[in-house]
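Residue strings, one per chain:
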Number of protein chains: 2
Amino acid sequence: MLSSLNNPPAHEIVYRQIRDKILFGDLTPGQAVTIQGLVAECGVSMTPVREAIRRLTAEGALEFQGNRRVCVPRMTEARFAELTFARDMIEPKLAEMAAKKASAQDIDTLRAIDDALNAAIDLGDVKGYMRENHRFHFTLYGLAGSNILLPITETLWLRFGPLYRIISGKYGTESLIDRHDEAIHALRAGNATLCADAIRADIAQGFAIVRENFGWA
Amino acid sequence: MLSSLNNPPAHEIVYRQIRDKILFGDLTPGQAVTIQGLVAECGVSMTPVREAIRRLTAEGALEFQGNRRVCVPRMTEARFAELTFARDMIEPKLAEMAAKKASAQDIDTLRAIDDALNAAIDLGDVKGYMRENHRFHFTLYGLAGSNILLPITETLWLRFGPLYRIISGKYGTESLIDRHDEAIHALRAGNATLCADAIRADIAQGFAIVRENFGWA
DNA sequence: CCGCCCGCAATTTGATCATATTATGACGCT
DNA sequence: AGCGTCATAATATGATCAAATTGCGGGCGG
């Protein structure tokens, strides 16, 4: 009973490990992901690794490389256009749903995360920024109580991860500005539409940076 | 045997088998899906079955039932609202993208599928209707050449599958009307926006039937 | 005579299976 | 009714089989 809560299964651990690596840019696009490599790295057997890889490919975080091998997918302009379309449709909706349910305590939590985020920016800690930014968005979206849109959004972020890696190498953290304050103020005011707009603007800034960087006008 | 050389891997076969069952209503919401049951049914070992189940849960077609059991997810009004939102955002977009790339031959193929669909309706063949309807939408969407929105749409349809089963038991095929003709005419005319509108109207009809049936006004 | 290309073998990697281990849920006993 | 034991189903491992890529060597052409 308690042990099931404290001991997540091996495939879950492996899944989270690879997922975080992709999400925060530790793996580069096109990089091959092999079963045996993960077996050696994680110290578990093949079956849990296979399951983790299967799950990640189903989520679009990994991609079949034709002959039963998988790799981190490469981004193209067409794919990027689809990603931004989907995120622009879904995430403001989640923010709106979340705003209608957010308690004062929830908002305080978001405030704390945003403080940690700004601290990471001041320190030039790119990885920390990415982690806190992810945490901010998904604790907000999590308030929506969604079972459909939230998992979809997770897959969309998974495809973005490898991109940020490339960008963060070129830009620093000093150029990173966000609309989180606007979102929090909208939450405090109980204005769901305004919160959705803030999130829309926030992610649009991220899109713009990527587009600029890759010359995708 | 030797025939296994050219065949797709076992986990893929098992995946498709369960997927089709869910998609076309052979499994009812809440129904438990056990590994050993599939082992017995498919005549393969546990590993491929585990992978197929893992993939389907990642796609939302199956759901963890608390303690390491999985079942076909039950539909709620809140989930349904999210599903319709997502489908209403994405599928017209796919139709629009497809319309810009559709060749005359592509349109003929869709025409043929729609003819088969209408034939199934005339015969009162609910299963055949569902199959051809799925084929119509996804051959159309497939023309868009999408790598992001198309897989997402597949997961959305997977969550709809169990619902249609319930409905088709109450209604017959005679009440089934669609906007496929409008979509095909729009494709022939090269009018992408009109095609998107036809698809939007088509799926909205499906939503309305479900809502009516479950009393989700 | 040197360099390139094609084909074969060896190694690496993936896929499947049979089995042991562990947790869960149910039944029976006190 | 509460607790312990048993049966069942899931998790994880290691071994085995099949496939693909890599690297090497011989043949061909310049």
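Quick look at the structure, then. (Residues numbered from 1 in each chain as written. Chains lettered and ligands numbered in written order. Predicted model: local features only at pLDDT ≥ 70, side-chain atom pairs only at ≥ 80, totals over all residues. Heavy atoms only, no water.)

1. A short note on the environment of B:Gly190
Residues and elements named next belong to chain B. Take glycine 190: it is sitting in the loop between α8 (180-189) and α9 (192-214). Residue class for glycine 190 comes out exposed when judged on its relative accessible area of 56%. Sequence separation of glycine 190 and serine 103 is 87 residues, and the distance between their C-alpha atoms is 9.8 Å. (Helix = DSSP H or I, 4+ residues; strand = E, 2+ residues; numbered from the N terminus. Buried < 20%, exposed > 50% of the residue type's maximum accessible area, 1.4 Å probe, protein only.)

2. Considerations on the pattern of salt bridges
Residues and elements named next belong to chain B. In total, this model carries 38 salt bridges over all chains according to the counting rule given. Glutamate 154 is paired through a salt bridge with arginine 19; the nearest N and O atoms lie 3.0 Å apart. Of this pair, glutamate 154 sits in helix α7 (residues 149-170) while arginine 19 sits in helix α1 (residues 10-23), placing them 135 residues apart in sequence. Glutamate 154 gets classed as partly exposed once you look at its relative accessible area, which sits at 26%. Accessibility expressed as a relative area gives 10% for arginine 19, which makes it buried. A salt bridge links glutamate 132 to arginine 135; its shortest N-O distance comes to 3.3 Å. On the criterion of helical spacing, the pair formed by glutamate 132 and arginine 135 is a turn pair, its members being 3 residues apart in helix α6 (residues 126-142). The exposure class assigned to glutamate 132 is buried, which follows from its relative accessible area of 17%. (Salt bridge = Lys/Arg side-chain N within 4 Å of Asp/Glu carboxyl O.)

3. Comments concerning the interface of chain A and chain B
Each partner contributes residues to the interface: chain A has 25 residues there, and chain B has 25 residues. Summed over the shared surface of chain A and chain B, the result is 4 salt bridges. A salt bridge links A:Glu51 to B:Arg54; the nearest nitrogen and oxygen atoms lie 2.6 Å apart. Remark: the boundary between chain A and chain B carries 12 residue pairs in polar contact (both at pLDDT 80 or more). Listing elements by their share of the side of chain A that touches chain B, those giving two or more residues are α4 (46-58), α5 (77-99) and α8 (149-170) of chain A. Per-element tally for the side of chain A that touches chain B: the top contributor is α5(A), with 9 residues. Counted by class, the side of chain A that touches chain B contains 11 nonpolar, 5 polar and 9 charged residues. (Contact = heavy atoms within 4.5 Å. Polar contact = N/O pair within 3.5 Å; in protein donor to acceptor, adjacent residues only side chain to side chain. Nonpolar A, V, L, I, M, F, W, Y, C, P; charged D, E, K, R; others polar.)

Nothing here speaks to function; it is all geometry.
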